[in-house]
Amino acid sequence: MAYTTHEIQRIESKWQAFWQKQKTFQAEADPSKKKFYCLEMFPYPSGRIHMGHVRNYTIADVVARFKMMQGYNVLHPIGYDAFGQPAENAAIKNSTDPGKWTYRCIEQMHADFIKMGFSYDWDREIATCDEQYYKWNQWIFIQMFKKGLAYKKASPVNWCPSCETTLANEEVIENKCWRCKNEVEQKDLEQWYLKITEYSEQLLQDLGTLKNWPLRVCAMQENWIGKSYGVEMYFKEVKTGETIPIFTTRPDTIFGATYVVLAPEHPLVERLVDGTSRETDVKVFIEKTKNLSKSLRMSGDQRKEGVFTGAYAVNPVNGEEVPIWIADYVLMEYGTGAIMAVPTHDQRDFLFAREHSLPMRIVIQDPQRPDLTVEKMTEAYVGPGKLVHSQRFDGLENEGAKHKIAEWMEGQKTGTITVHWRLRDWLISRQRYWGTPIPMIYCKTCGTVPVPDQDLPVVLPKNIQITGEGGSPLAQCKDFVEARCPKCGASARRETDTMATFFDSSWYYLRYCDAHNHDKIFDEDKARYWMPVDQYIGGIEHAILHLLYSRFFTKFLRDLGLLKIDEPFDRLLTQGMVLKDGEVMSKSRGNIVDPGSVIERYGADTLRLFILFAAPPEDQLEWNDGAIDGAWKFLSRIYNAAQKRHRPVKGDFDARNFDQDDQGLYRELHAAIRKVTSDFSEDLKFNTAIAQIMILMNRLEKFDPCGDEGKQALLNRAIETVILLLAPIVPHLCEELWQTMGFSPSVMKAKWPCFDEQALLQRTALVVVQVNGKVRAKVELPADAAEEVLRSLVLANEKIAGYVSGKEIRKFIVVPNRLISIVV
RNA sequence: GCUGGAGUGGCGGAAUUGGUAUACGCGCUGGUCUCAAAAACCAGUGUCCUUACGGGCGCGUGGGUUCGACUCCCACCUCCAGCACCA
């Protein structure tokens, strides 16, 4: 038999059936066993799996299987992030039901996962669109509502006109909808929010505890949360006496503030200009900025436009009256929507001041240019220096002056030391059908009332006509909208918005711990046993969205008393993308390689091996048709070795009788165990682990047992080791060969091999000899010999003598068993 | 602009953390087998000089530290990713 397509298919389906039947990967919480929770980001069920899934889930599968062989009690579940817009769009297009479409996709994906040989505990498979799942979305929402963490407010929101729904800040990428890439508009709506900002400080602080997360993910979250320390200062408008709070991180420049700028949307603007000669100009400008889309306003040359309001404000530190302007470069969403402008030390203010001939004053002296004047300035000076023109603070270094001025202003009650956050509350209302109904009822007398627990879930009605037009589909479903008030029983109206699907995925890893609990979101003891997730694997695109929301939910559920942990994911790996011809695989580019056709021809094992060998998991991976052939050849060689060269023997080998050949193979064998074990457990560098197994194979194939029983026993051991080390990567073939070699299945229950430190010790070492930094010879020398011995041996070497003789040896450096460096 | 990361053969990528640069694989060249081809196996494969022995040069660029630098330090270039009129 050869490792042909036919044979591959026989082997793979045989073992897939075996695992299914034996429930090899079923997990049971058992506090007496060491647990390992291995998780991949669950897929959106869109049909057949693609190479991105294959890569993500193969990496996870190797970790899960490896930990299992190491004796851990492994939880490795899968499910489907099944609510969401693509199902709705597909339903509109094919005039079918989003539910039917989704469940069909789930079926296909499930089948594909089986074909890949993934080690899932199928008894825990979940789909977020199941009533028994989204019931708990609603339950969490109500708990949040009760704690004041879910609330409704009217506010300008991000609106995607093409998806006809609102979007969270995190879903807006460069002012475009993350899903359909259409330009996002602003709209005033009353919507549900989750108060994630309540956890800003913790979400930021605890990033420091995530030692096993990629730095860049933590950095991205830190930027997103965006904590900045500063002072809120109170300027007073001269005529009305109204207070204008402004936020600044640079209180050290307050004496250089020569004007104030409000955002065009600032509520004070109207009051300042109404009935004045500036009214028309200001209103024309406001209209103009409104009509400019946000991305246009922020793009291009960033020229700053604005108009004078005619009003003045008093600088609280020196009583100076400064003009109040409005300008497009001040945003209502950040800070207080008003700034003090210090053109000498802020480049944006500088450009604006030049454009509109506004006054400037230097208050920080550039130590390199003591003669610098406002007239000579070509750009704002943003470096450090001593304060000038700042009254009592003159002469202070500006860094230190920040605190001094802030404290002084607080004492004067002209300012407050504050912290500003970039993070906003999470807008979760969506005007779409295929999502979790928000479990709220509006009663004329009782107001907004949550649906009582016993009435959960609020079931998403089926057989809804979805046209994609005319607003929220649920609002048009009379039976759904009409309800009774849970408090007073009067007729009431149901909330018709559904939840953003990121709500669903913010806690699914907890549900896996106890997937079929009908009475509770999950059993606390089970969650305590399994959580946190030990290894989480998924795409970098979730660096902020899903990973931030999940951290928030974990902290909330902890505060409810359901969890004891602060963070859900201990180790995080973000896998790279799969490319073809240097570009991301995508339908529109037409460069998709379908995993199904690769499996059909080469088998899942070959695909798994290739995808792990081609690049380290975090890097991008370039698809290569030739290299996949190479992966298959390698498996073919293993197949042949196990089938033809593994023979039963009576005794075992004895290391004391080893000749040089035996010694070499034995050493390579243990080098492979060591390398593979560390690569699998630490950096998850599967490419180098596989390379090491290949080295062992190369050695093993050259090894000739010469009919000797001891040698044959050693060869057997080497082949068995290859099978064990490769089993997490290439599970079907290894199960088959494990059985062929006479062991009882499953190889997953076999013990992971241990390496023998002694085996790696060598009697002699090939030592490189350098003279004046250049490699001049390679000499076989006794291992761990004393310097004196080495010295005489090396100097006796003919080649070295040629370089050294007659010269004074100034240094003789020994790196044990590796290198000798001579300086003459 | 800020943040994080990367630059090594024809290609994907290694390098025990300062110690033989290019492991492993792909590709390519030559050979064995064959009527022939494929497969398989064997050998070679950074670059320049040399018939050869051998030697020079080579990890984005330039400098530095060191007996020794892909690795550490300084300055710069290029590319990728994320954020961004954030006050």
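All of the points below concern the structure found in this document. Worth saying up front: this structure is predicted, and the values here are computed from it rather than measured.

1. Comments concerning the environment of Ala475
Here is step 1 of the chain: With respect to the helices and strands, the residue Ala475 is situated in the loop between strand 22 (447–450) and helix 13 (478–481).
Here is step 2 of the chain: We classify Ala475 as partly exposed; its relative accessible area is 43%.
Here is step 3 of the chain: When the C-alpha atoms of Ala475 and Arg493 are compared, they prove to be 9.9 Å apart, with 18 residues separating the residues in sequence.
Here is step 4 of the chain: Every residue in contact with Ala475, bar those within four places of it in the chain, is listed here: Val481 and Thr496.

2. As for helix 20 (residues 625–645)
Here is step 1 of the chain: In a regular helix each residue adds 1.5 Å, so 21 residues correspond to 30 Å; helix 20 covers 30 Å between its end C-alpha atoms and thus fits that length.
Here is step 2 of the chain: Those residues of helix 20 that sit buried are Ile628, Ala631, Phe634, Leu635, Ser636, Ile638, Tyr639, Ala641 and Ala642.
Here is step 3 of the chain: On its buried side, helix 20 packs onto helix 1 (5–22), helix 18 (595–602), helix 19 (604–613), helix 22 (686–702), helix 23 (709–726) and helix 24 (731–740).
Here is step 4 of the chain: The distance from a side-chain oxygen at the start of helix 20 to the backbone nitrogen of Gly626 is 2.8 Å, and the residue carrying that oxygen is Asn624.

3. A word on the protein's contact with RNA strand B
Here is step 1 of the chain: The immediate surroundings of RNA strand B are formed by 48 residues, with Thr249, Lys304, Ala614, Lys811 and Arg818 found nearest.
Here is step 2 of the chain: Sugar plus phosphate, as a fraction of atoms of RNA strand B within 4 Å of the protein: 59%.
Here is step 3 of the chain: Within the backbone of Tyr334, an N or O atom sits 2.7 Å from a base nitrogen of RNA strand B.
Here is step 4 of the chain: At six residues, helix 22 tops the list of elements feeding residues into the surface near RNA strand B.
Here is step 5 of the chain: Residue classes in the surface near RNA strand B are distributed as 23 nonpolar, eleven polar and 14 charged.

4. Some remarks on the packing of aromatic side chains
What characterises a pair of aromatic rings is the spacing of the ring centres plus the angle enclosed by the ring planes.
Here is step 1 of the chain: Inspection of the entire model under this criterion finds 48 aromatic pairs.
Here is step 2 of the chain: Aromatic pair Phe255 and Phe393: ring centres 6.1 Å apart, planes at 45°, arrangement tilted. Highlighted residues: Phe255 in the loop between strand 11 (243–248) and strand 12 (259–262) and Phe393 in the loop between strand 17 (386–387) and helix 12 (398–412), separated in sequence by 138 residues. Take Phe255 and Phe393: they sit in the same class, and that class is buried.
Here is step 3 of the chain: With a centroid separation of 5.7 Å and 40° between ring planes, the pair formed by Phe308 and Trp325 is classed as tilted. Note that Phe308 is positioned in strand 13 (residues 306–314) and Trp325 in strand 14 (residues 321–327), a separation of 17 residues in sequence. The exposure classification of Phe308 matches that of Trp325, with both residues buried.
Here is step 4 of the chain: Linked through ring pairs, Trp178, Tyr199, Trp426, Phe502, Phe503, Tyr549, Phe552 and Phe553 together constitute an aromatic cluster.

5. Here's the deal with the sheet that holds strand 33 (residues 811–815)
Here is step 1 of the chain: Spatially, four strands are ordered 32-31-34-33 in an open sheet, and the strand pairing comes out mixed. The outermost strands of the open sheet, each flanked by one partner alone, are strand 32 (774–782) and strand 33. Neighbouring strand axes in the sheet, compared pairwise and without regard to direction, differ in orientation by 20° on average.
Here is step 2 of the chain: Bridge count for strand 31 (residues 764–771) against strand 32 is eight bridges, and the pairing is antiparallel. Bridge assignment links Val768 to a residue of strand 32, and that residue is Lys778.

6. As for the sheet that holds strand 27 (residues 569–575)
Here is step 1 of the chain: Taken together, the four strands give an open sheet; going across it, the order is 2-1-26-27, and neighbouring strands pair in parallel fashion. Looking at the sheet topology across the chains shown, the edges are occupied by strand 2 (73–75) and strand 27. Pairwise comparison of adjacent strand axes, ignoring direction, gives a mean angle of 20° for this sheet.
Here is step 2 of the chain: In the sheet, strand 1 (residues 35–40) pairs with strand 2 via three bridges, with the strands oriented parallel. Residue Tyr37 lies in a different strand from strand 2, and its bridge partner there is Leu75.
Here is step 3 of the chain: The strands touched by helix 17 (residues 545–559) within the sheet are strand 26 (533–539) and strand 27, with strand 27 carrying the most contacts at an inclination of about 170°.

About the cut-offs
- Numbering of residues starts from 1 in every chain and runs along the sequence as written.
- To read the labels, note that chains go from A and ligands from 1, taken in the order they are written.
- Totals for whole chains, interfaces and linings use all residues, but because this is a predicted model, local features are given only for residues with pLDDT of at least 70 and pairs of side-chain atoms are given and counted only at 80 or more.
- Each side-chain value is derived from all of the structure's non-hydrogen atoms; neither hydrogens nor water enter the calculation.
- In this text, helices come from DSSP runs of H or I with a minimum length of four residues, and strands from runs of E with a minimum of two, each type numbered from the N-terminal end.
- Exposed residues in this analysis have more than 50% of their type's maximum accessible area, buried residues have under 20%, and partly exposed residues fall in between, with area computed by a 1.4 Å probe over protein chains only.
- Contacts are assigned to residue pairs that have any heavy atoms within 4.5 Å of one another.
- The span you would expect from a helix comes to 1.5 Å times its residue count less one.
- In the analysis that follows, any N or O atom pair within 3.5 Å is treated as a polar contact, provided that within protein one partner can donate a hydrogen and the other can accept it, and provided that, for residues neighboring in sequence, both atoms belong to side chains.
- If even one non-hydrogen atom of a residue comes within 4 Å of a molecule or strand, that residue is called near it.
- Amino acids outside the nonpolar list (Ala, Val, Leu, Ile, Met, Phe, Trp, Tyr, Cys, Pro) and the charged list (Asp, Glu, Lys, Arg) are all regarded as polar, and Gly is one of them.
- Pairing of aromatic rings covers Phe, Tyr and Trp, the last counted by its six-membered ring, and requires centre-to-centre distances within 6.5 Å; plane angles under 30 degrees mean stacked, over 60 mean edge-to-face, and any other angle means tilted.
- Strand pairing is assigned whenever DSSP detects at least two bridges linking the two strands.
- Note on geometry: axes are C-alpha line fits, over the in-contact stretch for helices, and angles between N-to-C directions span 0 to 180 degrees.

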